[in-house]
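# Survey of secondary and tertiary structure
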Amino acid sequence: MKSFSVFVCSMLFCIHSFAQQFSVSFPDSLLSTPFTGSILVYLSKNSKEPRLVSSLLENAPCVRVNVENIHPGEPVLIRANAPAFPVALADLERGQYYVQVVWDRNLGGQFIGQSPGNLYSSSQKILLDHNSSSFTIKADNIIPAYTFKETQYIRELKVPSQLLSDFHHTPYSIDAAIRLPKEYYTSPKRKFPLKFVVFGFTGNYHYFSGYPNPMEPIDTTPCIGVYLDGNCPLGHSVYANSDNNGPWADALIKEFIPQLEKAYRCNGVRFLHGHSSGGWSVLWLQTQYPDQFTACWSSSPDPVDFHRFQKVDLYRDKNMFYDKDSTLQPLGTVAGQIPWIYMRNAYQMERVIYRGEQMHSFDAVFGPKGADGSPLQLVEPYTGEIDTAVFNHWKKYDISAYLVQNWEQIKGKLDGKIRITVGNQDNFLLNYPVRLMEEKMKALKAGVIFEYYPGDHFTVQTQQWVKDGNAFFASKLKKQ
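These remarks concern the structure in this document. This one's a predicted model, so the numbers in the text were calculated from it and none came from an experiment.

Rules behind the numbers
- Residues numbered from 1 in each chain as written.
- Predicted model: local features only at pLDDT ≥ 70, side-chain atom pairs only at ≥ 80, totals over all residues.
- Heavy atoms only, no water.
- Helix = DSSP H or I, 4+ residues; strand = E, 2+ residues; numbered from the N terminus.
- Axes fitted to C-alpha atoms, helices over the stretch in contact; angles between N-to-C directions.
- Parallel < 35°, antiparallel > 145°, perpendicular 65-115°, else oblique.
- Contact = heavy atoms within 4.5 Å.
- Nonpolar A, V, L, I, M, F, W, Y, C, P; charged D, E, K, R; others polar.
- Polar contact = N/O pair within 3.5 Å; in protein donor to acceptor, adjacent residues only side chain to side chain.
- Expected span 1.5 Å × (residues − 1).
- Buried < 20%, exposed > 50% of the residue type's maximum accessible area, 1.4 Å probe, protein only.
- Pairing = 2+ DSSP bridges.
- Patch = residues over 30% accessible without salt bridge, like charges linked within 9 Å, V, L, I, M, F, W, Y side chains within 5 Å.
- Areas by Shrake-Rupley, 256 points an atom, 1.4 Å probe, with all protein chains shown as cover.
- Salt bridge = Lys/Arg side-chain N within 4 Å of Asp/Glu carboxyl O.
- Disulfide = S-S within 2.5 Å.

### What about unusual backbone geometry?
- A cis amide bond, omega 0 degrees, links Phe85 with the succeeding residue Pro86.
- Locating Pro86 in the fold gives a position in the loop between strand 5 (84-85) and strand 6 (95-104).
- For Ser276, which is not glycine, the phi torsion reads 65 degrees and is therefore positive.
- Even without being a glycine, Ser326 presents a positive backbone phi close to 75 degrees.

What follows is the structure, encoded as structure tokens:
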């Protein structure tokens, strides 16, 4: 009887371990040379293109394997015990899924499922059940390079960066979409203020490809819009110099802006506006380079005070995943109240998809470079333990701390030039670090404007929000 039980358990283990697996390959029509890199299997019950799903926002399942020297047509077997999120493939909820496989060539794109040059399979629907066997999936597509269609009012500007090229040992450029006002043509001798707009995480200046409309004025003053996204292989550069991403701030200020102002009729006024990661970007640029920019409006910025990294105090807390009462720390919420994703989910998802995602993007900007050339991680992805040595490197990017420590020396250059806004129900709890920063600025009697609006991270952008932001910039124009 005992031997029979062992036999049954062994058989069940084999069925459980090998019931779900994928046999994947690519043809020489897509890539004629051997492949070395990562292969990712993206699954979704809802999205027909799972490679495009935000794993952070939707907790989408994914599986990853690393391979070397795989030839065209050679199959790779991805078994049920391969590294996966949120659970092993064998333990994934049964049911129908859309599935796509991506062969990541790591050619410089940010998101693996969308990076130009990567190979991917067409979406197909599969049934995962306890009787499933092997699914054969062949890559039949290659992600095309981005293209940009110019119009009368929209232009693309690509400025080669020697600074970034030297750092990465490969050609680099800083790119943007340029939007012109109609007055650029009707008043051919007139010069205009610049309004830099930095997109948040996942934003892309190619959204403006083919855009037909002229740039909106600042109140009634025509301006030139400059749309930047900051995308880089490790996430969002936030236009800060960093050990891992390189000298993005220097490249923007020393290389991109001079070429921009040679190419277009600019009057020397430079405004900054950004939301989310873009909000952090413009606040960093304004505070670190106050002579370069006229004023900034930072909207719902990523954490500006590391005493409130969402709800974690990085200076005192030892763990990113758990509060002192052992409850999970939220990352994303509904209306700032009901968690839909936790810190633990994000870090463990990025253990599988570890390039271009949000938490690793923070590591790339704020953290030191490791011995293997990769960013050292602030958080241990299994336990949530915070590495204090890595955080010591993060501290210089704490904008609130920088202003507190240096306000007496820099206030003459910054007083009245910074406006920070956020929704009272921010999904990512970004209102908390903003309020903490406001307390510290008020204690210094610093001329930094803080305004709060109804709404969350996305619904905060109302007509009143736009009107008030334009009024702030317009007030600065009157002083020029």
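Moving on from the model shown.
### Focus on the packing of helix 10 (residues 399-414) against helix 11 (residues 431-443)
- Interaxial distance between helix 10 and helix 11 falls to 10 Å at its minimum, and their mutual angle equals 5 degrees. In terms of their interaxial angle, helix 10 and helix 11 are classed as roughly parallel. The residues of helix 11 that touch helix 10, namely those facing Ile399, Ser400, Leu403 and Val404, are Met437, Lys440 and Met441.
- When the residues that make up the contact of helix 10 with helix 11 are grouped by side-chain class, the tally is five nonpolar, one polar and one charged.

### Some thoughts on the side chain of Arg179
- Position of Arg179 relative to the elements: it lies in strand 12 (residues 173-179).
- Within the structure, the side chain of Arg179 is placed 3.2 Å from the side chain of Tyr227, a separation counted as a polar contact.
- Residues within four places of Arg179 in sequence aside, it is in contact with Tyr153, Ile154, Phe208, Tyr211, Asn213, Pro214, Met215, Glu216, Cys223, Ile224, Gly225 and Tyr227.

### Considering helix 12 (residues 463-477)
- Helix length check: helix 12 (15 residues) gives 21 Å between terminal C-alpha atoms against 21 Å at 1.5 Å per residue, within 8%.
- Every buried residue of helix 12 is accounted for by Trp465, Gly469, Asn470, Phe472, Phe473, Ala474, Lys476 and Leu477.
- In the core, the buried residues of helix 12 are packed alongside strand 13 (192-198), strand 19 (266-275), strand 20 (295-299), strand 23 (418-423) and strand 24 (448-453).

### What to know about the sheet that holds strand 4 (residues 76-78)
- Taken in spatial order, the three strands line up as 4-1-9 in an open sheet, and their pairing is mixed. The sheet is open, and its two edges are formed by strand 4 and strand 9 (134-138), each paired on a single side. The mean inter-strand angle of the sheet, taken between neighbouring strand axes irrespective of direction, is 25 degrees.
- With three bridges connecting them, strand 1 (residues 21-25) and strand 4 associate as antiparallel partners. When the bridges of strand 4 are listed, Phe22 appears paired with Ile78.

### Quick look at a nonpolar patch on the surface
- Nonpolar side chains collect at one region of the surface, where Leu57, Val334, Ile338 and Trp340 lie side by side and expose about 350 Å² of accessible area between them.
- Mapped onto the elements of the fold, Ile338 is located in strand 22 (residues 338-342).
- Residue Ile338 is classed as exposed on the basis of its relative accessible area, which comes to 55%.

### Some remarks on the state of the cysteines
- Taken as a whole and assessed by the stated rule, the structure comprises zero disulfides.
- No disulfide involves Cys223; its nearest neighbouring cysteine sulfur is the one of Cys266, lying 11 Å away.

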